[in-house]
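Spelled out, the chains give:
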Amino acid sequence: MTLLLDQKVALITGAAAGIGEGVARLFAQEGAHVFVLDRNAAGAEAVAAAIRSQGGSAAAFACDVCRAETIQAAVDQALARFGRIDILINNAGIYPRRAFLDMTEQEWDEMQDVNLKGVFRCSKLVIPHMVERRSGKVVNISSVTFFKGMQNLSHYVAAKGGVIGFTRSVAREMGPYNVFVNCITPGAIEVETEKLVATPEQMAAIVAQQSLQRRLNPLDVARACLFLSSHLSDGITGQTLNVDGGLVMY
Ligand SMILES: NC(=O)c1ccc[n+]([C@@H]2O[C@H](COP(=O)([O-])OP(=O)(O)OC[C@H]3O[C@@H](n4cnc5c(N)ncnc54)[C@H](O)[C@@H]3O)[C@@H](O)[C@H]2O)c1
């Protein structure tokens, strides 16, 4: 059986947990050399070690997407080892709730710094190498909340809308270089962090609004990432793909 990402070099941010971990594990199964980037160094190493123990290729890096020098170190390693980066998954993100009326400028800024400017920083460091080789796939993780709006997440939804706008504009610039930039808007994905910010009742209410009557999981998003990172999506750029069980349709 042909592996979809055989020998591809993939950098995945926020890959120590949740969706990013799911992407890292699936990409490794599909033959990629996976670079697990996360500010949670121990978590990143645990994911990379688990992948290696199953015969995959993975290396962990302590990276904060708010500190360019930490991302640069991972980029340098990937280039030194393989001479290229084929795939960048901009997934690292935070989603603490805060009512707009209580929100401080600092909370707003932190949200933009991680969820929007983090995408800018990683893209700035990786895309030039893709341009040089006239080859690359970038997938940015936004959120379906952008299409619906969501209470207590105005800072988050604004940042995630920015990610969609950034995706479209950079895709317009990168097409001539054969560098693809797409976006995924996950719906409610079952991850550990969710338990800190939402109740089971709130999540059940979202499932009730979906067409598919089940909780979505990181693998559901990872499969869409795989599609947008492989040759199967070679006619697609600048797009935003909902992975939300049919919550929003457009
Ligand atoms: N889970 C959902 O329902 C859902 C829905 C829509 C969008 N998303 C988006 O998907 C992405 C992943 O979310 P998740 O639910 O898997 O979250 P998660 O908390 O399970 O995982 C996020 C990972 O990102 C890392 N991270 C956070 N800030 C970082 C930083 N500054 N630098 C490096 N790493 C950092 C965390 O340490 C963590 O390992 C986020 O961008 C999130 O906004 C999630």
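Above: the structure in question.
Structural notes, computed from the coordinates. (Residues numbered from 1 in each chain as written. Predicted model: local features only at pLDDT ≥ 70, side-chain atom pairs only at ≥ 80, totals over all residues. Heavy atoms only, no water.)

Looking at the ligand, there are 27 residues lining it, with I19, D38, Y95, Y156 and T193 nearest. Interatomic distance of 2.6 Å between a side-chain N/O atom of D38 and an oxygen atom of the ligand. Between an oxygen atom of the ligand and a side-chain N or O atom of T193, the distance comes to 2.6 Å. Relative to its free-state accessible area of 830 Å², the ligand is covered by the protein chains to the extent of 93%. (Near = heavy atom within 4 Å. Polar contact = N/O pair within 3.5 Å; in protein donor to acceptor, adjacent residues only side chain to side chain. Areas by Shrake-Rupley, 256 points an atom, 1.4 Å probe, with all protein chains shown as cover.)

What follows covers the sheet that holds strand β6 (residues 179-186). Read across the sheet, 7 strands follow the order β3-β2-β1-β4-β5-β6-β7 without closing on themselves; strand pairing throughout is parallel. Because the sheet does not close on itself, it has two edges, and the strands there are β3 (57-62) and β7 (240-243). Recorded for the sheet is a direction-independent mean angle of 20° between the axes of neighbouring strands. Looking at chain direction, strand β1 (residues 9-13) and strand β2 (residues 33-38) are connected through 5 bridges and run parallel. Residue I12 lies in a different strand from β2, and its bridge partner there is V36. Against the sheet, helix α4 (residues 105-133) makes contact with β1, β4 (87-90), β5 (136-141) and β6, and its axis sits at roughly 170° relative to β4, the strand it touches most. (Pairing = 2+ DSSP bridges. Helix = DSSP H or I, 4+ residues; strand = E, 2+ residues; numbered from the N terminus. Axes fitted to C-alpha atoms, helices over the stretch in contact; angles between N-to-C directions. Contact = heavy atoms within 4.5 Å.)

For the rest of this paragraph, the subject is the packing of aromatic side chains. One pass over the full model with this rule turns up 5 aromatic pairs. Ring geometry for F35 and F61: centres 5.6 Å apart, planes at 15°, overall stacked. With F35 in strand β2 and F61 in strand β3, the pair connects residues that are 26 residues apart, well separated along the chain. Its relative accessible area of 1% is what places F35 among the buried residues. Ring geometry for Y95 and Y156: centres 6.1 Å apart, planes at 80°, overall edge-to-face. (Phe/Tyr/Trp six-rings, centres within 6.5 Å; stacked < 30°, edge-to-face > 60°. Buried < 20%, exposed > 50% of the residue type's maximum accessible area, 1.4 Å probe, protein only.)

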